[in-house]
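If you want the building blocks of each chain, they are given just below.
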Amino acid sequence: MSGKFVSVAVNLGLGLLFGVGLVVSGMSNPAKVLNFLDLFGTFDPSLAFVMGGAVVVAFFGFRLATARPAPLLAERFHMPTRTDIDARLIVGPALFGIGWGLGGFCPGPALTAIGLAAPGTLAFVPAMLAGMWAARSLAARQG
Amino acid sequence: MTEFTPVASLAGGMLIGLSAVLMMLLEGRIAGISGIASRLFPPYGDGGLAGRRAFVAGLVAAPFVVAATGAPVMQTVSSNLVLMIAAGLLVGFGSVWGSGCTSGHGVCGLARLSRRSFVATGVFMATGFATVFVMRHLIGG
């Protein structure tokens, strides 16, 4: 088996696992996300359990995984190294949160929703990809 | 109203965490969806395009796999297309501009105790809460 075939198969499986987690948890349902964000209305605290479960598993799992000298299928770990708090780290998440609060979708759940083909999803996903492209283009221009 | 589902949500969240851990163990990378989705288009930056396409294919297949087990796949999406386009633009631009979204910052970053991810997650949670408050209780309601 070539390395590329293994990588494709592994990523397909990881995407499926991640997506099943999003669907089972309710995170892929914008109505549930918007109710989580509606502290003073129809508050549904379920998504705190999603975040809690994911973060606790990742907290311990990352420590086990990175105790190895290298990952199993790559030469080295690619860890983010920046620690500075710049304007982009405030502006970007601020805009992201507004969009999340308007539509109830963040990127992962929006992608899991494509096949269900709700009109709102089919409007959201191309706009999201266009927004991503715009941010990358602007960032590249700023250097 | 949506039903409070602590058990399913905790279980689903643990699957998300498991996927992120396996991504780190196998590929040595952060499972950040905005990073994966934004680099489906050029410039790719590295040789990982086929892997990213496969990961997204797995995400797209997920609700059908869940449905095939007989479990309900519940989803209510706004049919206000102008609102959803605006939301999509903001989510796409903001997640890439801020170097991550709910997965990269909210799950992987918090688990790594990254200072940047704590800031980013705090900011998008705050504007998310504020936006729903404005839309439902000041404008709508």
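Thresholds, definitions, all that
- Residues numbered from 1 in each chain as written.
- Chains lettered and ligands numbered in written order.
- Predicted model: local features only at pLDDT ≥ 70, side-chain atom pairs only at ≥ 80, totals over all residues.
- UniProt positions renumbered as here; feature names shortened; annotations may be inferred.
- Helix = DSSP H or I, 4+ residues; strand = E, 2+ residues; numbered from the N terminus.
- Buried ≥ 20, exposed ≤ 12 C-beta atoms within 10 Å, placed from the backbone.
- Contact = placed C-beta atoms within 7 Å.
- Core = buried A, V, L, I, M, F, W, Y, C linked by C-beta atoms within 7 Å.
- Nonpolar A, V, L, I, M, F, W, Y, C, P; charged D, E, K, R; others polar.
- pLDDT = per-residue confidence, 0-100.
- Axes fitted to C-alpha atoms, helices over the stretch in contact; angles between N-to-C directions.
- Parallel < 35°, antiparallel > 145°, perpendicular 65-115°, else oblique.
- Left-handed = near helix turned anticlockwise from the far one by under 90°.

In the nomenclature of an unreviewed UniProt entry, chain B corresponds to YeeE/YedE family protein from the organism Ancylobacter mangrovi. Heading Sequence similarities (unreviewed entry) of the UniProt record for chain B holds this comment: "Belongs to the TsuA/YedE (TC 9.B.102) family." Looking at the Subcellular location (unreviewed entry) heading of the UniProt record, one finds this comment for chain B: "Cell inner membrane".

As recorded in an unreviewed UniProt entry, chain A goes by the name YeeE/YedE family protein, listed as coming from Ancylobacter mangrovi.

J.: What exactly am I supposed to notice about the overall build of chain A here?
T.: Each helix and strand in chain A was counted, giving 6 helices and 0 strands. Secondary structure elements of chain A occur, N-terminal to C-terminal, as α-α-α-α-α-α. Dimensions of chain A, computed from the C-alpha atoms along their principal axes, are close to 50 × 40 × 30 Å. For chain A, the proportion of its 143 residues judged to be buried stands at 52%. Within chain A, counting contacts between residues at least 6 apart in sequence, those at least 24 apart form 40% of the total.

J.: How should the UniProt feature "transmembrane region" (unreviewed entry) in chain B be read in this particular structure?
T.: Residues and elements named next belong to chain B. The UniProt entry lists residues 6-26, 54-74, 80-97 and 118-139 under the feature "transmembrane region" (unreviewed entry), expressed in the numbering used here. Within the segment residues 54-74, helix and strand shares are 71% and 0% respectively, and the terminal C-alpha atoms sit 24 Å apart. A distance of 26 Å separates the end C-alpha atoms of residues 80-97, which is 94% helix and 0% strand.

J.: What is the right way to read the nonpolar core from this model?
T.: Within soluble globular proteins, side chains that are nonpolar tend to cluster in buried spots. Counting 79 residues, the largest nonpolar core has Ala54, Ala58 and Phe124 of chain A together with Ala20 and Leu90 of chain B as the members making the most contacts within it. Here this core takes 10 residues from helix α3 (residues 46-65) of chain A, the largest share from any one element. Those residues within four positions of leucine 90 of chain B in sequence are excluded, and the remaining contacts are Leu95, Phe96, Ile98, Gly99, Leu102 and Gly131 of chain A.

J.: Quick question: what am I supposed to make of unusual backbone geometry here?
T.: It is generally the case that most residues other than glycine have a negative phi and that most peptide bonds are trans. Residues and elements named next belong to chain B. In this structure, proline 43 follows proline 42 across a cis peptide bond, with omega equal to 0°. With phi around 65°, serine 99 is a residue other than glycine that occupies positive phi space. Counting through the fold element by element, serine 99 comes out in the loop between α4 (81-97) and α5 (102-111). For leucine 113, which is not glycine, the phi torsion reads 60° and is therefore positive. As for its placement among the helices and strands, leucine 113 is situated in the loop between α5 and α6 (115-139). According to the C-beta neighbour criterion, leucine 113 is exposed, with 10 such atoms within 10 Å.

J.: What's the story with the interface of chain A and chain B in this structure? I'm lost.
T.: One widely used convention gives an interface's size as the accessible area the parts lose upon coming together. Taken together, the contact between chain A and chain B spans 107 residues of the former and 101 residues of the latter. Listing elements by their share of the side of chain A that touches chain B, those giving two or more residues are α1 (3-25), α2 (30-36), α3, α4 (87-103), α5 (107-112) and α6 (119-142) of chain A. Ranked by residues supplied to the side of chain A that touches chain B, first place goes to α1 of chain A with 19 residues. Residues of the side of chain A that touches chain B, tallied by class, amount to 68 nonpolar, 31 polar and 8 charged.

J.: Looking at this structure, how should I read the confidence of the model for chain B?
T.: Any segment with low pLDDT has predicted coordinates that should not be analysed in fine detail. Residue and element names in this part refer to chain B. Mean pLDDT over chain B: 95, with 99% of residues reaching 70 or higher. Taking the mean pLDDT of every element in chain B, the minimum, 95, falls on helix α2 (residues 33-38) and the maximum, 98, on α4. Scored as a complex, the prediction yields pTM 0.96 and ipTM 0.96.

J.: For this particular structure, what's the right way to read the UniProt feature "transmembrane region" (unreviewed entry) in chain A?
T.: Residues and elements named next belong to chain A. Cross-referencing UniProt, the feature "transmembrane region" (unreviewed entry) maps to residues 5-27, 47-66, 87-105 and 111-135 in the present numbering. From the first C-alpha to the last, residues 5-27 spans 30 Å; its make-up is 91% helix and 0% strand. Counted over residues 87-105, helix gives 89% and strand 0%. Its end C-alpha atoms are 24 Å apart.

J.: What am I meant to see in the environment of leucine 95 of chain A here?
T.: By the secondary structure assignment, leucine 95 of chain A is in helix α4. Residues leucine 95 of chain A and valine 23 of chain A, spaced 72 residues apart in sequence, show a C-alpha to C-alpha distance of 25 Å. Apart from residues lying up to four places away in sequence, leucine 95 of chain A is in contact with Leu90, Phe93, Gly94 and Trp97 of chain B.

J.: Before we go on, may I ask you to explain the packing of α1 of chain A against helix α3 (residues 49-68) of chain B in this structure?
T.: To describe two helices that pack against each other, one gives the angle between their axes and the distance between the axes. At a closest axis distance of 6 Å, the pairing of α1 of chain A and α3 of chain B adopts a crossing angle of 40°. With respect to α3 of chain B, the axis of α1 of chain A lies oblique. α3 of chain B is crossed by α1 of chain A, and the crossing has right-handed handedness. For the contact of α1 of chain A with α3 of chain B, the residue count by class is 20 nonpolar, 7 polar and 1 charged.

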